[in-house]
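# Notes for the structure review
So the chains spell out like this:
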Amino acid sequence: MTLQRTPIHITDAVARVIKHTKETKIETIDYLDSYGRFLAEDLYANEDLPLFNKSAMDGFAIRSVDSIGASGDNRIAFKVVEELPAGKTSDYTLKENEAFRIMTGAEIPTSADAVVMFEQSKAIDDTLFTIRKPFEPNDNIAMRGEEVKTGELVVPKGTLINPGVVANLATFGHGKVRVHQLPKVAVMSTGSELLDVEDKLTRGKIRNSNTPMIISQLKRMGIEAKVYRFKTDELDEILEIFKELTSDFDVVITTGGVSVGDYDLLPKVYAHYDAEVLFNKVAMRPGSVTTVAKLNDTLLFGLSGNPSACYSGFELFARPSILKMLGGKNIYAPIVEATLGADSKKANPFTRFIRAELEYTGGTLYASPAGFNKSNAVTSIARSNGVIILPSGSRGFVAGDQVKVMLTDVTSGTPSFLLTEDD
Ligand SMILES: Nc1nc2c(c(=O)[nH]1)N[C@H]1C(S)=C(S)[C@@H](COP(=O)(O)OP(=O)(O)OC[C@H]3O[C@@H](n4cnc5c(N)ncnc54)[C@H](O)[C@@H]3O)O[C@H]1N2
Ligand code: MOO
Ligand SMILES: [Mg+2]
């Protein structure tokens, strides 16, 4: 086996992974379980929205024609003939200077065409009130179909089902929704140095942080992974496990053992099973040895053992691929421009990813390296909420330079509420 590997550009690597990713089968699930999935079909309006002309305010529904000429000096009186809370309807036909007492959301009876807010009226007694200004037809009324008409596209296929989409499923009566199945994902860290979180530390050993990290990155996507243990770094054992993994799972994520070391077994596994290696070297740091292969219909993500490399390898390759399996359209983390908050003096022979702390101050988005940032760093992953991307072939960067930042952790908040009284 040759130890020479040819690095390819990240964009090429991402494109290869996505090209080899297939959507999973479609299933029908309860709409309340659909949050975080992607619509597998367009969502159309089954009805007009609003469904009927409805009061937009609490007040009185009147015939606008009866309000003509109303002023402070010429208050016009109305008599309440019926009360209409939301959900109650009436076929009564208003006569001159009659009104319904109507609440927000109630259907406007056909004989009324404007709503007077309580605040725009003066009560004389329980059934009489006056107004001091004229009302136009449709004042304070939400018109049938003003938001969307029957048959219009509301949310296109491939959209992430966020709480707003769930609200629309409910609005249009879709109790069941078609989505792509959750891919079956297995996670396995390799390395005879690895101990579990509560094992006693012994010489030369470390705690396995990659498995729980990847499990959490998957959880963030709504996926429960199955964890496999592999402790010996013996080829026979890993070959046996892989036989099971590739027949049962859509995605197998391994960490470690992917470089050129004597006990880096993944390249041997790919070769043994004649997997199609999409790439085994990417022109990036960290994670240059990240490998992605395909065996039958299973995608094998061989992430680097070094924690920072492992984290970005997942976000760069596994995440968009899994989102595509789920039928997602917008599968890539957004990349925005930011101002570098501190120097980053190293030259960058390969594209460099730097775990970063993002801060929005005084109208500027600053991105600062989140401390120790080598490939083996684990603490900076905890502190960061994005990744600075420095292009390959560039020299060092200094504070104030414009850089690109990938928003890998958009769930992170800010320490203070960013709206002020001037906004
Ligand atoms: N001769 C060469 N050596 C190395 C190269 C190279 O190109 N030529 N690449 C280096 C780079 S870059 C990286 S990154 C690492 C990648 O190594 P592997 O993916 O094979 O990972 P391991 O060897 O298994 O482990 C590397 C490192 O990470 C620690 N590790 C592994 N698994 C975990 C885990 N689950 N939790 C926490 N830490 C983990 C492991 O103990 C090692 O320290 O290879 C370089 N070598
Ligand atoms: O694969 Mo490495 O993460 O470039 O240090
Ligand atoms: Mg290694």
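Residues numbered from 1 in each chain as written. Chains lettered and ligands numbered in written order. Predicted model: local features only at pLDDT ≥ 70, side-chain atom pairs only at ≥ 80, totals over all residues. Heavy atoms only, no water.

## A look at the site of ligand 2
We count it as follows: Near, as used in this document, describes a residue that has one of its heavy atoms within 4 Å of the molecule or strand being considered. The term polar contact refers here to a pair of N or O atoms within 3.5 Å; inside protein, the definition further demands a hydrogen-donor-capable atom paired with an acceptor-capable atom, and it admits residues adjacent in sequence only when both atoms are side-chain atoms. Side-chain classes follow a simple rule in which Ala, Val, Leu, Ile, Met, Phe, Trp, Tyr, Cys and Pro form the nonpolar group, Asp, Glu, Lys and Arg form the charged group, and the remainder, Gly included, forms the polar group.
Every residue close to ligand 2 is listed here: Arg285, Pro286, Gly287, Ser288, Val289, Ala309 and Ser375. Take Val289: an N or O atom from its main chain is 3.4 Å from an oxygen atom of ligand 2. In the model, an oxygen atom of ligand 2 is placed 2.5 Å from a nitrogen or oxygen of the Ser375 side chain. When the residues that make up the shell around ligand 2 are grouped by side-chain class, the tally is 3 nonpolar, 3 polar and 1 charged.

## Observations concerning the coordination of the magnesium ion (ligand 3)
As a reminder of what qualifies: Listed donors are limited to N, O and S atoms within 2.8 Å of the metal, widened to 3.2 Å for Na, K and Ca; water is not among them, so incomplete-looking sites are possible. The way it works is that DSSP assigns letters per residue, a run of H or I at least four long becomes a helix, a run of E at least two long becomes a strand, and they are numbered from the N terminus.
Coordination of the magnesium ion (ligand 3) by the protein is provided by Asp264 (OD) and Asp264 (OD), with metal-donor distances spanning 2.4 Å. Tracing the chain through its elements places Asp264 in the loop between strand 17 (251–255) and helix 5 (266–272).

## Things to note about the site of ligand 1
Note the following rule: Under the convention used here, a 1.4 Å probe and the Shrake-Rupley method define accessible areas, while residue burial counts only the protein chains that appear.
Glu193, Asn208, Gly257, Val258 and Ser259 are the nearest of the 23 residues found near ligand 1. The contact in question runs from a nitrogen atom of ligand 1 to an N or O atom on the backbone of Asn210, over 3.3 Å. A distance of 3.1 Å is found between an oxygen atom of ligand 1 and a side-chain nitrogen or oxygen belonging to Asp264. Contact with the protein chains covers 69% of the free accessible surface of ligand 1, which is 870 Å². Here the shell around ligand 1 is built from residues that sort into 5 nonpolar, 14 polar and 4 charged.

## Here we look at the sheet that holds strand 4 (residues 59–62)
Convention followed: A pair of strands is considered paired only if DSSP assigns at least 2 bridges between the two. Axis angles are defined between N-to-C directions and span 0 to 180 degrees, where every axis is a line fitted to C-alpha atoms and, for a helix, only to the segment in contact.
Here 6 strands make up an open sheet; going across it, the order is 7-4-6-5-9-8 and the pairing mixed. Across the chains shown, the open sheet's two edge strands, defined by having one partner strand only, are strand 7 (114–117) and strand 8 (121–123). Strand after strand, the sheet turns through a mean of 40° between neighbouring axes, direction not considered. As judged from the 5 bridges shared by strand 5 (residues 76–84) and strand 6 (residues 98–102), these two strands associate in the parallel manner. Pairing of Glu82 across the sheet is with Phe100, part of strand 6.

## Things to note about the environment of Leu195
How we decide: Only protein chains enter the accessibility calculation, which uses a 1.4 Å probe; a residue is then buried when its area is under 20% of its type maximum, exposed when over 50%, and partly exposed in between. Only heavy atoms matter for contacts: two residues are in contact if any of them lie within 4.5 Å across the pair.
Along the chain, Leu195 turns up in strand 14 (residues 194–195). Note on Leu195: relative accessible area 12%, which makes it buried. When the C-alpha positions of Leu195 and Ile206 are compared, they lie 5.9 Å apart, and in sequence the two are 11 residues distant. Leaving out residues up to four positions away in the same chain, Leu195 has contacts with Lys200, Leu201, Thr202, Lys205, Ile206, Arg207 and Asn208.

## Focus: the pattern of salt bridges
A side chain with one charge may pair with a side chain of the opposite charge, provided their charged atoms come close. Rules: The rule for a salt bridge is simple: a side-chain nitrogen of Lys or Arg has to be within 4 Å of a carboxyl oxygen of Asp or Glu.
Inspection of every chain in the model, using the stated rule, returns 14 salt bridges. Here Asp297 and Lys22 are joined by a salt bridge, their closest N and O atoms 3.5 Å apart. Of this pair, Asp297 sits in the loop between strand 20 (291–295) and strand 21 (298–303) while Lys22 is found in the loop between helix 1 (10–19) and strand 1 (26–30), placing the two residues 275 residues apart along the sequence. By the burial criterion, Asp297 is exposed, and Lys22 matches it.

## A short note on the domain arrangement of the protein
It is common to report an interface's size as the accessible area lost on association of the parts. Quick note on the threshold: Those domain boundaries reflect an automatic or database domain assignment. Put simply, buried area is how much 1.4 Å-probe accessible surface two parts lose in total, over both of them, once they are put together.
Annotation of the protein at the domain level lists domain 1 (10–24 + 182–325), domain 2 (32–45 + 149–180), domain 3 (54–142) and domain 4 (335–406). Computed over C-alpha atoms, the centres of domain 1 and domain 4 are 25 Å apart. Counting from both sides, the interface comprises 15 residues of domain 1 and, opposite them, 13 residues of domain 4. When domain 1 packs against domain 4, close to 1,200 Å² is buried across both sides, 68% of that on carbon and sulfur atoms.

## Description of the sheet that holds strand 21
On the basis of which strands lie adjacent, the open sheet formed by 6 strands has the order 16-13-17-21-20-18 and mixed pairing. The sheet terminates laterally at strand 16 (226–228) and strand 18 (276–279), the two strands that pair on one side only. Going across the sheet, the axis of each strand differs from the next one's by a mean of 20°, ignoring polarity. Inspection of the sheet shows strand 13 (residues 185–189) paired to strand 17 by 5 bridges, in the parallel sense. Pairing of Val187 across the sheet is with Ile253, part of strand 17. Seen against the sheet, helix 1 touches strand 18, strand 20 and strand 21 and runs at an angle of roughly 145° to strand 18. Packed onto the sheet, helix 4 (residues 235–248) meets strand 13, strand 16, strand 17, strand 20 and strand 21 and runs at close to 165° relative to strand 13.

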